[in-house]
Amino acid sequence: MKIAVAEINLEALQHNLLVVKRNAPNSKILAMLKANAYGHGTTEIAKSLHQADAFGVARLSEAVALRAAGITKPIVLLEGFFEADELQIISNLGLDTVLHTEQQFDDFMAADIPRSVRVWLKVDTGMHRLGLPPETFPAIREKISGHKNILGEPILMSHFGCADDVTHSLNDYQFSVFEELQNHHKGECSFANSAAILSFKNSHHQWVRPGIMLYGVSPVNNTSALDYELKPVMTLKSSIIAIREVKKGQSVGYGATWVAKEDTRLAVIAIGYGDGYPRNAENGTPILVNGVKYPLSGRVSMDMISIDIGNEKTIKVGDEAILWGENLPLETIADYAKTVPYELLCGVTGRVEKRFSRVKNEFNNRP
């Protein structure tokens, strides 16, 4: 009996990387592995992305773990370093660092490090989260040129704030700012995230940075993975542990948020918010059992959920339930939970067992 298992299909991961390559054939790929590879398991994912050119992480600890696991590809610290003394580790491990504040820039220039480091200069083109002010870039670019701590030419980068909404006016504005900055830059550039890879071909430049699309989820609003020939990498599963008879008018679960409209049968599944299944998933959220979708019935608890199976007599204790993934798009579950797929993937907890497989499957991703 499978209890709270995340099956990770590495063939699907490699397929999705090929989708990136088809969409950006002239760009190098910086594959996003932050947040435990979006909940999929950083080391196993890194070892399977043979055709990626580099990996992106958010924290130094993530990069250290990858190096300890034998990963030798370039690794980029997307938030850079937080303390100046981290530059010694960055240099010794041969990591790349992003510089996105003037303080980071000053600390980097003043550091005495054993070997030079490749630098990515992040400029704020309109998202107003991280990045050097555009007006400071020409002077910083000039100061950093030829510095002993710099390995090769710095890479200019920025980040779209609204690429998931292809009609948003901020996309054009950010792109125009970035294009102007390139006039003061001799080296490579990187701008496109997953959504921009699929929607804004003119933003690809020398490096693209796929994240959510690698894991088989659409990055564009109001679309599904199938629209882009992406395959889900994670299928979250568990098993039915009880079948209950419920009379008309009886409630189920904490808060009595679901009441039977007629006599029915409920199946109890061993998974809950303690595993990362969203507590705010609405009644009616689909769960797949034996190829049929059944509605979530009652509030999600820490360890269990219930589904209304009606008069279905073939379902039994021990049957497998699919919470999202193969034949049940994560985008659909996110809609019912009023969140985004990113949060659901990153929220899968440590007690969920990961099982890695290279078996080729056929996927039907339609909601």
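Our subject is the structure listed above.
Described in the following lines is the structure provided in the data block.

This part takes up the overall build of the protein chain. Of the regular secondary structure elements, the protein chain holds 11 helices and 18 strands. With the C-alpha coordinates of the protein chain rotated into their principal frame, the extents come out at 75 × 45 × 40 Å. Taken across its 367 residues, the protein chain has 54% of its residues classed as buried. Long-range pairs, those at least 24 residues apart, make up 66% of the contacts in the protein chain with a sequence separation of at least 6. A total of about 16,000 Å² of accessible surface is found on the protein chain, and carbon and sulfur atoms cover 49% of it. Here the protein chain holds 38 positive side-chain charges and 42 negative ones, and the gap between their average locations is 6 Å.

Before going further, it helps to spend a moment on the pairing of strand 10 (residues 234-246). Regular strands have side chains that alternate between both faces of the sheet. Across four bridges, strand 1 (residues 5-9) lies against strand 10 in antiparallel orientation. In the strand pairing of strand 10, Glu7 is matched with Thr235. Pairing of strand 10 with strand 17 (residues 320-324), which is carried by four bridges, proceeds in the antiparallel orientation. Residue pairing for strand 17: Lys237 is matched across the bridge by Ile322. Relative to strand 13 (residues 264-269), strand 10 runs antiparallel, the two being bridged by six bridges. When the sheet's bridge partners are listed, Val246 is paired in strand 13 with Thr264.

Moving on, we come to the packing of aromatic side chains. As enumerated under the stated definition, the model contains seven aromatic pairs in all. Judged by centre distance (4.9 Å) and plane angle (25°), the rings of Tyr38 and Tyr215 are stacked. Residue Tyr38 is found in helix 2 (residues 34-39), and its partner Tyr215 is found in the loop between strand 9 (207-208) and strand 10; the two are separated by 177 residues along the sequence. In this structure Tyr215 comes out as buried when scored by relative accessible area, which is 2%. In textbook terms, an aromatic cluster arises when at least three aromatic residues are bridged by ring pairs, as seen for Phe160, Phe178, Phe191 and Phe200.

In this section: the packing of helix 6 (residues 102-110) against helix 7 (residues 137-144). Describing two packed helices takes the angle between their axes plus the distance from one axis to the other. Contact pair helix 6 / helix 7: the axes reach a minimum separation of 12 Å and the direction vectors enclose 10°. Compared by their axis directions, helix 6 and helix 7 come out roughly parallel. Mapping the contact onto sequence places Glu102, Phe105 and Met109 in helix 6 and Ile140, Lys143 and Ile144 in helix 7. Its residues placed into classes, the contact of helix 6 with helix 7 shows four nonpolar, no polar and two charged.

Moving on, we get to helix 4 (residues 60-68). Inspection of helix 4 places Leu60, Glu62, Ala63, Leu66 and Arg67 among the buried residues, and these make up the whole buried set. Down the axis of helix 4, the buried side of the element spans an arc of 160°, and every buried residue falls inside it. Seen from the open side of helix 4, the exposed residues pointing more than 90 degrees away from its buried face are Ser61 and Ala68. In this structure, the buried side of helix 4 is in contact with helix 2, helix 3 (42-48), strand 3 (54-57), strand 4 (75-77) and helix 5 (86-92). One or two steps after helix 4, the chain reaches Gly70, where phi turns positive at roughly 95°.

Let's shift gears to the sheet that holds strand 3. The eight strands are arranged 2-3-4-5-6-7-8-9 in a closed barrel whose pairing can be described as parallel. Where strand 2 (residues 28-32) meets strand 3, three bridges bridge the pair, whose relative direction is parallel. Counterpart to Leu30 in the pairing with strand 3 is Ala54. Seen against the sheet, helix 4 touches strand 3 and strand 4 and runs at an angle of roughly 165° to strand 4.

Okay, the environment of Gly291 next. For Gly291, the location among the structural elements is in the loop between strand 14 (286-289) and strand 15 (292-295). Since its relative accessible area comes to 67%, Gly291 is described here as exposed. On a C-alpha basis, the gap between Gly291 and Ile322 in space is 9.1 Å, while along the polypeptide they are 31 residues apart.

This paragraph deals with helix 7. Taken as a whole, helix 7 has its buried residues at Phe137, Ile140, Arg141 and Ile144. Relative to the axis of helix 7, the buried residues are bounded by an arc of 100° and lie together on one face. In helix 7, the exposed positions angled more than 90 degrees off the buried face are occupied by Glu142 and Lys143. For helix 7, the secondary structure elements touched by its buried residues are strand 5 (96-99), helix 6, strand 6 (119-122), strand 7 (155-157) and helix 8 (169-182). Of the residues one or two after helix 7, Gly146 is the one with positive phi, at around 80°.

Once that is clear, we can look at the nonpolar core. Grouped together as the largest cluster of nonpolar side chains are 112 residues, with contacts concentrated most on Leu33, Leu49, Ile287 and Trp324. For this core, the element with the most residues is helix 1 (residues 10-23), which contributes six residues. In this structure Trp324 touches Met234, Thr235, Leu236, Gly276, Tyr277, Pro278, Leu330, Ile333, Leu344, Leu345 and Val348, once residues within four positions along its chain are discounted. Grouped together as the second largest cluster of nonpolar side chains are five residues, Val246, Val252, Trp258 and Ala260 included.

Conventions adopted
- Residues numbered from 1 in each chain as written.
- Predicted model: local features only at pLDDT ≥ 70, side-chain atom pairs only at ≥ 80, totals over all residues.
- Heavy atoms only, no water.
- Helix = DSSP H or I, 4+ residues; strand = E, 2+ residues; numbered from the N terminus.
- Buried < 20%, exposed > 50% of the residue type's maximum accessible area, 1.4 Å probe, protein only.
- Contact = heavy atoms within 4.5 Å.
- Areas by Shrake-Rupley, 256 points an atom, 1.4 Å probe, with all protein chains shown as cover.
- Lys, Arg positive; Asp, Glu negative; His and termini not counted.
- Charge placed at Lys NZ, Arg CZ, Asp CG, Glu CD.
- Pairing = 2+ DSSP bridges.
- Phe/Tyr/Trp six-rings, centres within 6.5 Å; stacked < 30°, edge-to-face > 60°.
- Axes fitted to C-alpha atoms, helices over the stretch in contact; angles between N-to-C directions.
- Parallel < 35°, antiparallel > 145°, perpendicular 65-115°, else oblique.
- Nonpolar A, V, L, I, M, F, W, Y, C, P; charged D, E, K, R; others polar.
- Arc of directions from axis to C-beta.
- Core = buried A, V, L, I, M, F, W, Y, C linked by side-chain atoms within 4.5 Å.

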